[in-house]
Every structure is written in structure tokens, then in C-alpha cells.
Amino acid sequence: GNSVTQMEGPVTLSEEAFLTINCTYTATGYPSLFWYVQYPGEGLQLLLKATKADDKGSNKGFEATYRKETTSFHLEKGSVQVSDSAVYFCALSDQKGGKLIFGQGTELSVKP
Amino acid sequence: GAGVSQSPSNKVTEKGKDVELRCDPISGHTALYWYRQSLGQGLEFLIYFQGNSAPDKSGLPSDRFSAERTGGSVSTLTIQRTQQEDSAVYLCASSTGTGGWYNEQFFGPGTRLTVL
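Summary of the structure given here. (Residues numbered from 1 in each chain as written. Chains lettered and ligands numbered in written order. Predicted model: local features only at pLDDT ≥ 70, side-chain atom pairs only at ≥ 80, totals over all residues. Heavy atoms only, no water.)

**Regarding the interface of chain A and chain B**
One frequent convention defines the size of an interface as the accessible area lost when the parts assemble.
Here's step 1: Residue-level contacts link 19 residues of chain A with 17 residues of chain B.
Here's step 2: Roughly 1,600 Å² of surface becomes buried between chain A and chain B when both sides are summed, with 57% attributable to carbon and sulfur atoms.
Here's step 3: When the buried area of chain A at its contact with chain B is split by residue, A:L44, A:G97 and A:K99 rank highest and sum to 31% of it.
Here's step 4: Counting across the interface, chain A meets chain B through one salt bridge.
Here's step 5: In this structure, A:K99 engages B:D56 in a salt bridge whose closest nitrogen and oxygen atoms are separated by 3.4 Å.
Here's step 6: Counting across the chain A and chain B interface gives six residue pairs in polar contact (both at pLDDT 80 or more).
Here's step 7: The dominant element in the side of chain A that touches chain B, judged by the number of residues it contributes, is strand β5 (residues 32–38) of chain A, at four residues. (Contact = heavy atoms within 4.5 Å. Buried area = accessible area lost by both parts, 1.4 Å probe. Salt bridge = Lys/Arg side-chain N within 4 Å of Asp/Glu carboxyl O. Polar contact = N/O pair within 3.5 Å; in protein donor to acceptor, adjacent residues only side chain to side chain. Helix = DSSP H or I, 4+ residues; strand = E, 2+ residues; numbered from the N terminus.)

**Let's talk about the sheet that holds strand β7 (residues 56–59) of chain A**
All names here are of chain A.
Here's step 1: Judged by pairing direction, the sheet is antiparallel, and its four strands sit side by side in the order β3-β9-β8-β7 without closing on themselves. Each edge of the open sheet carries a strand with a single partner, namely β3 (19–21) and β7. Within the sheet, the average angular offset between the axes of one strand and its neighbour, ignoring direction, is 15 degrees.
Here's step 2: Two strands pair when backbone bridges link them, and β7 and strand β8 (residues 62–65) are joined in this way by four bridges, in the antiparallel orientation. By the bridge assignment for β8, K56 is matched with T65. (Pairing = 2+ DSSP bridges. Axes fitted to C-alpha atoms, helices over the stretch in contact; angles between N-to-C directions.)

**Structural notes on the sheet that holds strand β8 (residues 75–79) of chain B**
Residue and element names in this part refer to chain B.
Here's step 1: The strand order β1-β3-β8-β7 describes an open sheet built from four strands, whose pairing is antiparallel. Each edge of the open sheet is held by one strand with a lone partner, namely β1 (5–7) and β7 (65–69). For this sheet, the mean inter-axis angle between neighbouring strands, taken without regard to orientation, is 15 degrees.

**Some details on the packing of aromatic side chains**
Here's step 1: The full count for this structure, using the stated rule, is 12 aromatic pairs over all chains.
Here's step 2: On the numbers, 5.4 Å between centres and 80 degrees between planes, the contact of A:Y36 with B:F107 is edge-to-face. Taken together, the positions of A:Y36 in strand β5 and B:F107 in strand β10 (residues 106–107) put the pair across two chains.
Here's step 3: Classification of A:Y36 by relative accessible area gives buried; the value is 1%.
Here's step 4: For B:F107, a relative accessible area of 11% corresponds to the buried category.
Here's step 5: An aromatic cluster is present here, built from A:F34, A:Y36, A:F89, A:F102, B:Y33, B:Y35, B:F45, B:Y48 and B:F107 joined pairwise through their rings. (Phe/Tyr/Trp six-rings, centres within 6.5 Å; stacked < 30°, edge-to-face > 60°. Buried < 20%, exposed > 50% of the residue type's maximum accessible area, 1.4 Å probe, protein only.)

Following this line, the structure appears as C-alpha cells:
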């Protein structure tokens with residue numbers, strides 16, 4: 001079945017450091033790929049998405065490229081801020097109905 | 001406009017009791033999803049509604065779990081004879097259109113269920 005694997009956390013970085021959170025997936029067909037973020041005490045919100053191979057999703061300085069050949073959707077940001085501290089979830093959506101299948105989440109902590 | 005709302009925000013119950021969790025989706029959103037978030041299992045899909053129909057119930061963990069949606073709007077997730085392993089945060093999400101795989105899902109704040 002479909003599944004998502006992302007790197008384990010927690011990840012601790014200093015402000016202005018480069019961020020990569022790895023995400024790989026297994027799926028039949030051509031799913032859409034998403035990164036959701038959960039800030040402390042808040043609900044899940046969409047960070048970015050890509051709907052087909054080679055698409056790049058971007059938002060708030062974060063980017064991820066849909067790589068079909070490596071079945072990956074790694075999240076990157078060139079310079080993190082303390083306010084980026086949150087839990088990040090990689091997800092794919094099933095083509096039948098759109099249910100989301102999530103990775104286990106990666107907690108990011110950015111220190112000043 | 002208003003986002004997805006869920007009630008109650010917190011629910012503490014005793015093992016063996018029944019509980020009902022409510023979700024109010026964004027107005028006009030035809031697709032509605034239930035997920036749960038627990039420490040051991042991460043974020044898991046439970047059930048999907050398109051209008052009042054549930055074409056995908058594959059994530060419901062047992063027959064103690066059921067859900068309904070009325071008027072194409074409010075949904076209720078019912079857990080009968082609760083067990084301690086049901087303790088989790090139950091999340092509701094809604095999206096536009098026909099629940100297509102490319103549509104963004106908007107999440108509610110969740111209901112934290114604790115079974116003693």
C-alpha cells in the first residue's frame with residue numbers, strides 16, 4: 001500500500017542554518033505530495049504542495065520538488081528562523097477520494 | 001470565513017463509555033475527513049465523506065467506531081465502549097470539490113480524547 005517515510009527528529013538547528021527534512025514515498029499511480037506544519041499549540045496547516053512530477057512547491061521560504069525517479073519530496077529552507085520551530089509532516093494523497101497518508105512527523109527546533 | 005471547528009476541544013471519559021465528537025466543516029466544502037493523531041501511531045486516516053456518503057471507511061480501527069454526516073455539513077464521530085488505546089487527538093478536515101487528490105485539506109483544531 002501507499003506509505004510515506006520521513007527522517008526522524010528532533011532536528012535542532014541554529015538560526016540562519018540550512019534545513020533539509022527528507023521524505024520518500026511509496027505509491028501506486030501519481031499521488032499529490034504535501035508538506036503540512038503544526039506549530040506549537042496550533043492545528044495542522046498546509047505549507048506547500050506539488051501535484052505532478054518535477055513540480056516545485058514553495059511557501060514562506062520553504063521548497064520541495066516532486067522527484068518521481070527517486071520517489072522523494074524533501075523539504076528545504078535556506079535560512080531557518082526561530083519561528084520555524086514546529087513539527088513538519090510529509091504526506092501524499094490517495095487518488096481515490098484524496099485521503100492523506102502521513103509520514104511520522106519531524107520536530108524542528110531552531111535556537112537563536 | 002470561519003475555518004473547520006470541532007467540539008469538544010477536550011474530552012475525558014471512563015473506559016467503557018460512549019463518546020461523540022463533532023466536526024463543522026468550512027461552508028460549501030463537500031469532502032470531509034476524520035484522522036487521529038496519537039503518539040504511537042502518528043497521523044492516521046479514519047474515514048472520508050463525500051456529501052453524506054462515506055465511500056472510504058477503511059481507516060476505522062474497529063466496529064466500535066462509526067461516523068455520520070448530515071445535510072452535507074456537520075459530521076459526528078462516535079466511539080462506543082471506549083478503550084484506553086482510543087486516547088488520541090481526533091482531527092477533522094474538509095476540502096472543496098469532489099475530494100480530489102489535489103485539493104488542499106483544511107484542518108480543525110482537534111478534539112483531545114483521554115480514556116481513563
